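What the coordinates show
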Amino acid sequence: MDLVEYRDGVLHCEGVFLLKLAKRVKTPCYVYSASALTQNFQAFDTAMAQVPHLVCFAVKANANLSVLKLLAELGAGADVVSGGELFKALKAGIPASKIIYSGVGKTKEEIAYALKAGILMFNVESEAELHAICSQAKRLKKRAPISFRVNPDVDPQTHPYISTGLKKNKFGLPVEKAMELYEQAALWPEVELKGIDCHIGSQLTSLQPFLDAIDRLLFMLKRLHEKGISLQYVDVGGGLGIRYKDETPPTPQAYGAAICEKLASTGLTVIIEPGRAICGNAGGLLTKVIYVKDTGEKRFYIVDAAMNDLIRPSLYQAYHEIVPVRLPKTKKLVSANVVGPICESGDFLAKDRELPNLKAGDLLLVKSAGAYGFTMSSNYNARPRAAEVLIKDDGFQVVRKRETYSRLIQDERMA
Ligand code: LLP
């Protein structure tokens, strides 16, 4: 589903004109569509319906409490990677029994917090972490539910910064090491072996790498079974890509069907951890042109959103479609760089982009920014972070207010 459409020449989302919204909330601001989030979540949930399953939303993609609450109400679980994400997921009403905890560097405080909260399981990424979990479980007189995250050594064919399932990456355990740890941990009273897990990368646009990784897991499950170790869960991670420009990723339906076909015969509960594919195209970043600058060489649209608001173009050379909120009178396009006010040449949202002839005050929507947009934002250049707005039931609500200058200094002390 497309987030927005033009009505009377003005961009419009679920009954809300973005001009009006921007006037009220000001820019830059993130907008999320409740109905797009709902549709995307349900597409995964329905696609997995043939098997017992749990869709654990990857909170790192969008951790806004209202977004998490909406997903909680639809029955989502959560994949968290920090104590802070666990805190937010619980606050938003996602039950601990549907929360899994991934990540290579869980601290003992975070482990204790998750054990006390009663999460579904830890995805354990190293032997050292296994020992840390055991000692916290012993101390708290609890049994820690765990899965091992296996590194299946599969190339996800995506940007190197977001590929995680290759031997050279820091994530997961090599297959043989994981086998060894399963056998050891099976004898320990302080852990409960619940499942097996992998996550090979993000923004994958074909199914094959997922299927290759699942084959490795299936092979391991067979070997574990032969050793008398039986599990309840198989977690295949997240990573399904979305269309930013002209990519043609598999649909959640095709993805779910392929996974179910591979895993149905195991009888295990299948966990998936989609992030981007649920919220990426359900959100955008509204921004306003501050100045138009022609250097003779190049035209710059200097806008009020910057790399601190959306770092993906600077960090991954990511493409985000940018559209004017009001359709221009002529179809004539000019090539321009869309840049922010930050003092870095790397501060851009788009380069050499064909855009209409804009003037100061014109509004733009940076599309596909609902995932890894706000969550990766910062206060660089002492810029207050943008507001977040949820569009729902033909209206909208500010679900995170724009940061103020006083908030910028509230935790600092002048020594
Ligand atoms: N599960 C685990 C263990 C993960 O590490 C990730 C993403 C996901 C699930 C969700 O992946 P998704 O379905 O969203 O692809 N900042 C980057 C993306 C980093 C992804 C990190 N891990 C970006 O803006 O493209």
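Here is what the cut-offs are and how they apply
Here the residue numbers are simple positions, counted from 1 along each chain's written sequence. It should be noted that, the model being predicted, local features are given only for residues of pLDDT at least 70 and side-chain atom pairs only at 80 or more, the latter also being counted only at that level, while totals for whole chains, interfaces and linings use all residues. Side-chain metrics in this entry use all non-hydrogen atoms of the structure; hydrogen atoms and water are not considered. Runs of E in the DSSP output that reach at least two residues are strands. Runs of H or I that reach at least four are helices, and both are numbered from the N terminus. The reference for a compact globule is 2.2 Å times residues^0.38; the radius of gyration itself is calculated from the C-alpha atoms. For every residue, the accessible area (1.4 Å probe, protein chains only) is compared with the maximum for its type, and the residue is labelled buried under 20%, exposed over 50%, or partly exposed between those bounds. Being paired, for any two strands, means DSSP has found at least two bridges between them. Expected helix span is given by 1.5 Å per residue-to-residue step, counting one fewer step than there are residues. Contacts are assigned to residue pairs with any non-hydrogen atoms lying within 4.5 Å of each other. In plain words, nonpolar cores are sets of buried Ala, Val, Leu, Ile, Met, Phe, Trp, Tyr and Cys residues tied together by side-chain atoms within 4.5 Å. Only a single heavy atom is needed: when it lies within 4 Å of a molecule or strand, its residue is near that molecule or strand. Two N or O atoms count as a polar contact when they lie within 3.5 Å, although within protein this holds only if one can serve as hydrogen donor and the other as acceptor, and sequence-adjacent residues are included solely when both atoms are side-chain atoms. Where accessible areas are quoted, they stem from the Shrake-Rupley method and a 1.4 Å probe; at the residue level, only the protein chains shown are allowed to cover. Nonpolar residues are Ala, Val, Leu, Ile, Met, Phe, Trp, Tyr, Cys and Pro. Charged residues are Asp, Glu, Lys and Arg, and all others, Gly as well, are polar. Note that domain bounds follow an automatic or database assignment of domains. Each aromatic pair joins two rings of Phe, Tyr and Trp (for Trp, the six-membered one) with centres within 6.5 Å, and gets the label stacked for planes under 30 degrees apart, edge-to-face for over 60, and tilted for any other angle. Put simply, a charge is over a ring when the Lys NZ or the Arg CZ is close to the ring centre, within 6 Å, and near the line of the ring normal, within 35 degrees. Buried area is calculated as the accessible area (1.4 Å probe) missing from two parts once they are joined, with the contributions of both summed. Salt bridges are identified by distance alone: a Lys or Arg side-chain nitrogen within 4 Å of an Asp or Glu carboxyl oxygen.

1. Structural notes on the overall build of the protein
Along the backbone of the protein there are 12 helices and 21 strands. Scaling as 2.2 N^0.38, a compact globule of 415 residues should have a C-alpha radius of gyration of about 22 Å, and the protein matches this with 23 Å. With the principal axes as the frame, the protein shows a C-alpha extent of 70 × 55 × 40 Å. Looking at the 415 residues of the protein, the share that counts as buried comes to 55%.

2. Describing the pairing of strand β2 (residues 10–13)
Residues Val10 and His12 of β2 are buried on one face, and the alternating residues Leu11 and Cys13, pointing to the opposite face, are buried as well. With 3 bridges connecting them, strand β1 (residues 5–7) and β2 associate as antiparallel partners. Directly across from Tyr6, in β2, lies its bridge partner Leu11. In this antiparallel pair of consecutive strands, β1 and β2, the connection spans 2 residues, and Asp8 shows a positive phi of 50°. What sits between the antiparallel neighbours β2 and strand β3 (residues 16–17) is a turn of 2 residues, in which Glu14 has the positive phi angle 45°.

3. Quick notes on helix α9 (residues 252–263)
Taking 1.5 Å of rise per residue, the 12 residues of α9 would be expected to cover 16 Å, and the 16 Å separating its terminal C-alpha atoms lies within 8% of that figure. Inspection of α9 places Pro252, Tyr255, Gly256, Ala258, Ile259, Cys260 and Leu263 among the buried residues, and these make up the whole buried set. Those residues of α9 that are buried are in contact with α2 (34–47), α8 (208–226), β12 (233–235) and β13 (269–272).

4. Considering the nonpolar core
In terms of nonpolar packing, the biggest core is built from 102 residues, with Phe122, Ile146 and Phe148 touching the most fellow members. In terms of residue count, α8 provides more of this core than any other element does, 7 residues in total. Here Ile146 is in contact with Met121, Phe122, Val124, Leu130, Ile133, Val191, Glu192, Leu193, Lys194 and Gly195, once residues within four sequence places are set aside. Membership of the second largest hydrophobic core comes to 20 residues, among which are Val10, Cys29, Leu286 and Val323.

5. What about the site of the ligand?
By nearness alone, 19 residues border the ligand, and Ser202, Glu273, Arg312, Tyr316 and Tyr372 come closest of all. Contact distances for the ligand include 3.3 Å between an oxygen atom and a side-chain N or O atom of Lys60. Protein coverage of the free-state accessible area of the ligand, which is 580 Å², stands at 92%. In terms of residue class, the shell around the ligand is built from 6 nonpolar, 7 polar and 6 charged. Two domains each provide a minimum of three residues to the shell around the ligand, namely domain 1 (4–32 + 280–408) and domain 2 (103–272).

6. Comments concerning the packing of aromatic side chains
Per the stated rule, a full pass over the model turns up 6 aromatic pairs. A centroid spacing of 6.1 Å and a plane angle of 85° characterise the contact between Tyr30 and Phe374, whose relative ring orientation is edge-to-face. In this pair, Tyr30 is assigned in strand β4 (residues 29–33) and Phe374 in the loop between β19 (363–366) and β20 (387–392), connecting sequence segments 344 residues apart. Residues Tyr101 and Phe122 carry aromatic rings whose centres are separated by 6.0 Å and whose planes lie at 25° to one another, so their mutual orientation is stacked. With Tyr101 in strand β7 (residues 99–101) and Phe122 in strand β8 (residues 121–124), the pair connects residues that are 21 residues apart, well separated along the chain. The positively charged end of Lys245 is found above the aromatic ring belonging to Tyr319, 4.9 Å away from the centroid. If you follow Lys351 out to its NZ or CZ, it ends over the ring of Phe348, 4.3 Å from the centre.

7. Thoughts on helix α6 (residues 127–139)
Residues that lie three or four places apart on an α-helix share one face, since the helix turns once every 3.6 residues. The first and last C-alpha atoms of α6 sit 19 Å apart over 13 residues, in line with the 18 Å expected at 1.5 Å per residue. Residues of α6 that are buried in the fold lie against α5 (108–117), β8, β9 (144–151), α7 (175–185) and β11 (191–197). Of the residues one or two after α6, Lys141 is the one with positive phi, at around 55°.

8. Description of the domain arrangement of the protein
Domain parsing of the protein yields domain 1 (4–32 + 280–408) and domain 2 (103–272). Between domain 1 and domain 2, the C-alpha centre-to-centre distance is 36 Å. Domain 1 puts 11 residues into the contact, and the matching count from domain 2 is 8 residues. Buried area between domain 1 and domain 2, both sides added, is near 800 Å², and the carbon and sulfur share of it is 58%. Among the residues domain 1 hides against domain 2, the three largest losses belong to Asn281, Tyr316 and Tyr319. Together they make up 53% of the total. Here domain 1 and domain 2 share 0 salt bridges between them. At the boundary of domain 1 and domain 2, one finds 1 residue pair in polar contact (both at pLDDT 80 or more). In terms of residue class, the side of domain 1 that touches domain 2 is built from 4 nonpolar, 5 polar and 2 charged.

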